[in-house]
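Here are the chains, one letter per residue:
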Amino acid sequence: MRASWAVRAAPNGGKSWTRWDWGAADQLWKDVHKRTVDPSIRTVKDLSEVEVRQARDILREFCRGDRLEKMESVLTHRTLSKRIVFENPDNPNNVWACLRTLDSFGVQTVDLIFDVEVSNFVKKRAFRKKSRKVVTAAVGTQKWMSTNTHRSTTNCLETLKQNGFRILSTDVNKHAKPIHDIDWSGKVAVVFGNEVSGISDTVRSISDESFYIPMAGFAESFNLSVACAVTVSTIASKRCLSDTPTPFEQDQIMLTWLLRSIRGSSEILERKGISVSDPDNPARLVQTTVRPTESDDDDESGGDVCGESD
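A. View of the confidence of the model for the protein. For the protein, mean pLDDT is 77; residues scoring 70 or higher make up 68% of the total. Contacts for the low-pLDDT stretch residues 1-37, under 50 throughout, to residues beyond four places or in other chains number 100 contacts.

B. Layout of the pairing of strand β3 (residues 79-87). The element β3 is largely enclosed, with a buried count of eight among its nine residues. In terms of strand pairing, β3 meets strand β4 (residues 107-113) through six bridges, oriented parallel. Opposite Ile84, over in β4, you have Val110 as the bridge partner. Read as a crossover between parallel neighbours, the route from β3 over helix α4 (residues 92-105) to β4 is right-handed. Pairing between β3 and strand β8 (residues 188-192): five bridges, direction parallel. Across the sheet, the residue bridging to Arg83 is Ala189, located in β8.

C. Main features of the pattern of salt bridges. Using the criterion set out here, one finds 15 salt bridges in the structure. Notably, a salt bridge pairs Asp243 with Lys82, separated by 3.6 Å at the nearest N-O pair. Taken together, the positions of Asp243 in the loop between α8 (224-237) and α9 (247-261) and Lys82 in strand β3 put the pair 161 residues apart, joining distant regions of the chain. One salt bridge in this structure joins Arg204 and Asp201, with 3.0 Å as the shortest N-O distance. Within this pair, Arg204 and its partner Asp201 are both found in helix α7 (residues 201-206), separated by three residues, close to a single helical turn. Residue classification places Arg204 among the partly exposed positions, given a relative accessible area of 37%.

D. Inspection of the packing of α4 against α8 at higher detail. Here α4 crosses α8 at 15°, and the two axes come no closer than 8 Å. In terms of axis orientation, α4 runs roughly parallel to α8. Note on packing geometry: the crossing formed by α4 with α8 is right-handed. Here Asn94, Ala97, Cys98, Thr101, Leu102 and Phe105 of α4 come into contact with α8, specifically with Leu224, Ser225, Cys228, Ala229, Val232, Ser233 and Ala236.

E. How the structure looks around a nonpolar patch on the surface. Together, Met215, Phe222 and Val226 give the surface a local cluster of nonpolar side chains, amounting to about 220 Å² of exposed area. Counting through the fold element by element, Val226 comes out in helix α8.

F. Geometry of the side chain of Glu87. Within the secondary structure layout, Glu87 lies in strand β3. Among the polar contacts made by the side chain of Glu87, one reaches the side chain of Thr153 at a distance of 3.0 Å.

G. Structural view of α9. Taking 1.5 Å per residue, 15 residues should reach 21 Å; α9 reaches 21 Å between its end C-alpha atoms and fits that length. Along α9, eleven of the 15 residues are buried, which leaves the element largely enclosed by surrounding structure. Of the positions making up α9, those classed as buried are Asp251, Gln252, Ile253, Met254, Leu255, Thr256, Trp257, Leu258, Leu259, Arg260 and Ser261. Looking at the buried residues of α9, the elements they touch are α2 (49-60), α3 (65-75), β3, β4 and α10 (265-271).

H. Here's a closer look at the environment of His77. Note on placement: His77 falls in the loop between α3 and β3. As a C-alpha pair, His77 and Gly106 span 29 residues in sequence and 5.7 Å in three-dimensional space. Excluding anything up to four places from it in sequence, His77 contacts Phe105 and Gly106.

I. The arrangement of the nonpolar core in detail. Counting residues in each nonpolar core, the largest one holds 27 residues, and the members touching the most others are Phe86, Leu102, Trp184, Val190, Phe192, Phe211 and Cys228. Mapped by element, the contributors of at least two residues to this core are β3, α4, β4, β8 and α8. The element contributing the most residues to this core is α8, with five residues. Not counting residues up to four positions away in its chain, the partners in contact with Trp184 are Lys82, Arg166, Leu168, Ile179, Val190, Phe211, Thr231, Thr234, Ile235, Lys238 and Cys240. Counting 22 residues, the second-largest nonpolar core is a separate cluster that includes Met71, Ile253, Met254 and Leu259.

J. Region of the structure containing the sheet that holds β4. Spatial strand order, β5-β4-β3-β8-β6-β9-β7: seven strands in an open sheet with parallel pairing. Looking along the sheet, the strands with just one partner apiece sit at the ends: β5 (146-150) and β7 (177-178). Across the face of the sheet, α4 comes into contact with β3 and β4 while running at roughly 155° to β4. Where α8 meets the sheet, its contacts fall on β3, β4, β8 and β9 (209-212), and the angle it forms with β8 comes to roughly 160°.

Rules behind the numbers
- Residues numbered from 1 in each chain as written.
- Predicted model: local features only at pLDDT ≥ 70, side-chain atom pairs only at ≥ 80, totals over all residues.
- Heavy atoms only, no water.
- pLDDT = per-residue confidence, 0-100.
- Contact = heavy atoms within 4.5 Å.
- Buried < 20%, exposed > 50% of the residue type's maximum accessible area, 1.4 Å probe, protein only.
- Helix = DSSP H or I, 4+ residues; strand = E, 2+ residues; numbered from the N terminus.
- Pairing = 2+ DSSP bridges.
- Right-handed = clockwise from strand over helix to strand, strands pointing away.
- Salt bridge = Lys/Arg side-chain N within 4 Å of Asp/Glu carboxyl O.
- Axes fitted to C-alpha atoms, helices over the stretch in contact; angles between N-to-C directions.
- Parallel < 35°, antiparallel > 145°, perpendicular 65-115°, else oblique.
- Left-handed = near helix turned anticlockwise from the far one by under 90°.
- Patch = residues over 30% accessible without salt bridge, like charges linked within 9 Å, V, L, I, M, F, W, Y side chains within 5 Å.
- Areas by Shrake-Rupley, 256 points an atom, 1.4 Å probe, with all protein chains shown as cover.
- Polar contact = N/O pair within 3.5 Å; in protein donor to acceptor, adjacent residues only side chain to side chain.
- Expected span 1.5 Å × (residues − 1).
- Core = buried A, V, L, I, M, F, W, Y, C linked by side-chain atoms within 4.5 Å.

In structure tokens form, the structure reads like this:
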């Protein structure tokens with residue numbers, strides 16, 4: 001696979017070459033969870049309602065009018081009552097396609113589980129390498145979504161239950177129901193398993209219900225991204241994606257989007273007396289600067305370089 005490079009101006013006036021490093025996922029994980037060892041780091045969730053509104057209003061002044069109008073329009077169609085959970089996904093491209101679909105339907109929150117203890121379809125070493133690619137590709141492409149990563153299936157699903165979510169898993173068993181027979185009202189978290197082995201026994205034991213998508217052909221299953229699209233489309237057809245967030249939750253989402261869209265946003269707020277960081281920001285992926293060589297054309301460790309985008 002050909003490595004993707006971007007040319008940047010070097011301090012000495014020359015050129016430097018920058019590309020994504022798959023090892024950046026490790027650094028991203030450390031950044032996301034840094035607050036567990038440094039409680040002084042404040043995120044949007046740590047701010048009071050007054051602080052969230054103040055920060056939002058400050059950053060609005062630095063956002064283009066048309067862009068702000070688009071963000072406000074999209075926000076009215078966002079929902080927090082439905083969230084999708086991917087357990088040990090194997091293909092980064094599938095996850096990325098799912099995120100684009102979920103964003104299009106207004107689903108704001110996605111959970112990614114990378115639990116080696118319940119992963120029995122590949123060797124642990126290979127799984128960890130694949131997990132880093134999934135995190136880099138999936139988290140790094142959707143700055144408009146709230147993406148949470150977990151290292152324990154049990155902890156993730158139990159936390160969702162404590163927050164009032166029903167756990168529905170995609171599975172084929174004697175107790176599973178056709179997708180159209182499921183009650184999608186209220187707070188629901190849908191769990192999709194690995195593309196090869198499906199959901200784990202841990203998910204089966206914690207799930208409140210399981211469902212399947214009826215098929216009329218010879219194929220035994222859909223691709224993950226297709227199954228995700230069919231599921232969310234079914235939920236939307238039953239008008240169960242119209243649960244809009246509370247005004248405070250909308251302010252939190254808008255502030256997160258502004259933090260990720262405006263260069264130096266945290267510094268701007270710091271000067272105004274509001275300390276807030278966004279360790280989940282995909283833009284925080286670490287980049288490495290190296291000189292290109294002929295062998296780099298066939299380097300499979302490089303990912304696509306992406307600048308700031310809409």
